[in-house]
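If you want the building blocks of each chain, they are given just below.
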Amino acid sequence: MVNITVVGTGYVGLVTGACLADFGNRVICVDNDPRKLTTLKRGEIPFYEPGLKELVEMNRARERLVFCGDVAEAVPQSDVVFIAVGTPPDEQGHADLRYVREVAAAIADHAKGYTIVVTKSTVPTGTGKLVESILQERRPDGEFDVVSNPEFLREGSAIGDFMRPDRVVIGASSERAMDVMEQIYRPLYLLRTPIVRTTVANAEMIKYASNAFLALKISYINEIANLCDFVGADVAVVARAMGLDGRISDKFLHAGPGYGGSCFPKDTLALTHIAEKVGYKFRTLEAVLEVNRLQQQRMVEKARNLLGELGGKTIAVLGITFKPNTDDVREAPSLTIIPELRRQGATIRAHDPVVKDVPGLTDVTWCSDAYDAARGADCVLLLTEWNEYRNLEFGRLKETMRRPALVDCRNVYEPREVRKHGFDYAGVGRSYEAGAPWAMGDVLVRESGDAVERPSVTTEKSG
Ligand SMILES: NC(=O)c1ccc[n+]([C@@H]2O[C@H](COP(=O)([O-])OP(=O)(O)OC[C@H]3O[C@@H](n4cnc5c(N)ncnc54)[C@H](O)[C@@H]3O)[C@@H](O)[C@H]2O)c1
């Protein structure tokens, strides 16, 4: 059992705190937002994350998890302090480290005895050194070790990702700190989770390099999809077959409206700035930023291709969050696509299963469900693949729409199925001519002479 403080109770901090408590540690979660704290103390979760409420409740009941508003109270009781505050982009797009600095200073002021300071937030290489210098400057007599332990969880499946990660990365500069970190993650040894023991600088870079690579993969398949649209090929089949190559893998090969969310946009931008700062031009990543921006615009063009000029048209937008199972709208494609549709004169009726209003998204009529949104619309634009949009009754939609048309930005539907219902359809990279019975790319594996048909390989949500 380790005494732990986690500073920041956002998506990462709260999940980390609850999971580490569940591993048997005593955890104090600290946040300086009094409203968040009141919500948490009432037993509620300030954001939407499946399973988190139950995990928090259980660990609070077992007295392994408490909430507190003051670093000064929590830190002296802890052997390990995780920093899980936000690192949003500053005006130039660099990672803004002001909250990390603030917390490091507060830890320096209040730590008692040997304390390990762990950065969980995504931070540029060199931040470990920065934290170390703050600690040393403010507490020359203090006994600290600095560790980087970047987080790879995905919103929407955060608990599963934390409890069953592909790997845990620990960057530490002392054996003593490494031992304690390994003790904290010991429950994962049963699952044979690879633990990457490395330097602080490597750990910091691993996080950015991983996120930027995933963004690159998404952008790559989006460009293949755009090309498919021109040449009459089907990206769903192309991606499925590509993904069967073990060197490529089928993950993050799902064409769509471009990545969004609180991580990929800011981390790709921050990494280009890290490169810029040392005089290196990171060409592939710069292209990724451009491709992603254009991809969002392309979704608007798809609506125009189906409907003509958008002035006077009504569009039903389904899904506002950047991906399903989260209420996070940070950098969601909807936040650029909807204003552009509006700018071109369209009226927007929107629905999302958890988001009912977004400050800044003005002139949007919020509707009670997909069918309500589609009432009187010229087109449904499916932006986030929430489960409740995966089995739409097209007959019912058609009855109330002014014109039956679907822009399927997530390739949820088979074009021919939608067209059968009399809808005009546009997907992302799915402009193929259906004809041969195998046009949909079923995967056949021949085993000892028998043909075994497999269902299509699963697709991965982007973001
Ligand atoms: N959200 C993700 O999916 C994800 C995944 C992996 C890594 N990350 C990284 O983790 C970090 C946190 O991300 P997030 O999405 O959880 O952020 P968030 O904005 O949801 O939460 C940050 C929290 O920190 C609190 N905070 C800020 N300054 C504080 C202070 N001085 N004292 C106490 N609390 C303070 C805020 O009130 C807020 O509740 C970021 O660096 C992010 O890049 C995020």
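Structure first, text after, so check above.
Small disclaimer: the values here were computed from a predicted structure and weren't measured.

So what exactly am I meant to see when it comes to the sheet that holds strand 11 (residues 364–366) here?
Pairing between the strands of a sheet is mediated by backbone hydrogen bonds and can be parallel or antiparallel. Reading across from one edge, 11-10-9-12-13-14 is the order of the 6 strands in this open sheet, with parallel pairing throughout. Strands at the two margins of the open sheet, each flanked by one partner only, are strand 11 and strand 14 (424–426). Here the strands of the sheet are splayed against their neighbours by 20° on average, with no regard to which way each runs. Taken together, the 5 bridges between strand 9 (residues 314–318) and strand 10 (residues 347–351) define a ladder with parallel strand orientation. Pairing of T314 across the sheet is with T347, part of strand 10. Packed onto the sheet, helix 12 (residues 283–307) meets strand 9, strand 12 (379–382), strand 13 (405–408) and strand 14 and runs at close to 160° relative to strand 13. Most of the contacts of helix 13 (residues 334–343) go to strand 10, to which it runs at about 155°, and overall it touches strand 9, strand 10, strand 11 and strand 12.

Can you walk me through empty space enclosed by the protein in this structure?
By rolling a water-sized probe across the atoms, one finds the places where empty space is left. For the structure shown, the criterion picks out 1 cavity of 30 Å³ or more. Its volume calculated, the largest cavity comes out at about 40 Å³. Contributing to the lining of the largest cavity are T119, S121, T122, V123, S148, P150, A203, E204 and K207. No other element matches helix 9 (residues 200–231), which puts 3 residues into the lining of the largest cavity. Considered class by class, the residues forming the lining of the largest cavity number 3 nonpolar, 4 polar and 2 charged.

Each value, and the rule that gives it
- Residues numbered from 1 in each chain as written.
- Predicted model: local features only at pLDDT ≥ 70, side-chain atom pairs only at ≥ 80, totals over all residues.
- Heavy atoms only, no water.
- Pairing = 2+ DSSP bridges.
- Helix = DSSP H or I, 4+ residues; strand = E, 2+ residues; numbered from the N terminus.
- Axes fitted to C-alpha atoms, helices over the stretch in contact; angles between N-to-C directions.
- Contact = heavy atoms within 4.5 Å.
- 1 Å grid on protein atoms, 1.4 Å probe; cavity = no way out; pocket = protein on both sides within 12 Å on 5 of 7 lines; lining within 4 Å.
- Points joined across faces, edges and corners; volume = space filled by probe spheres on them.
- Nonpolar A, V, L, I, M, F, W, Y, C, P; charged D, E, K, R; others polar.

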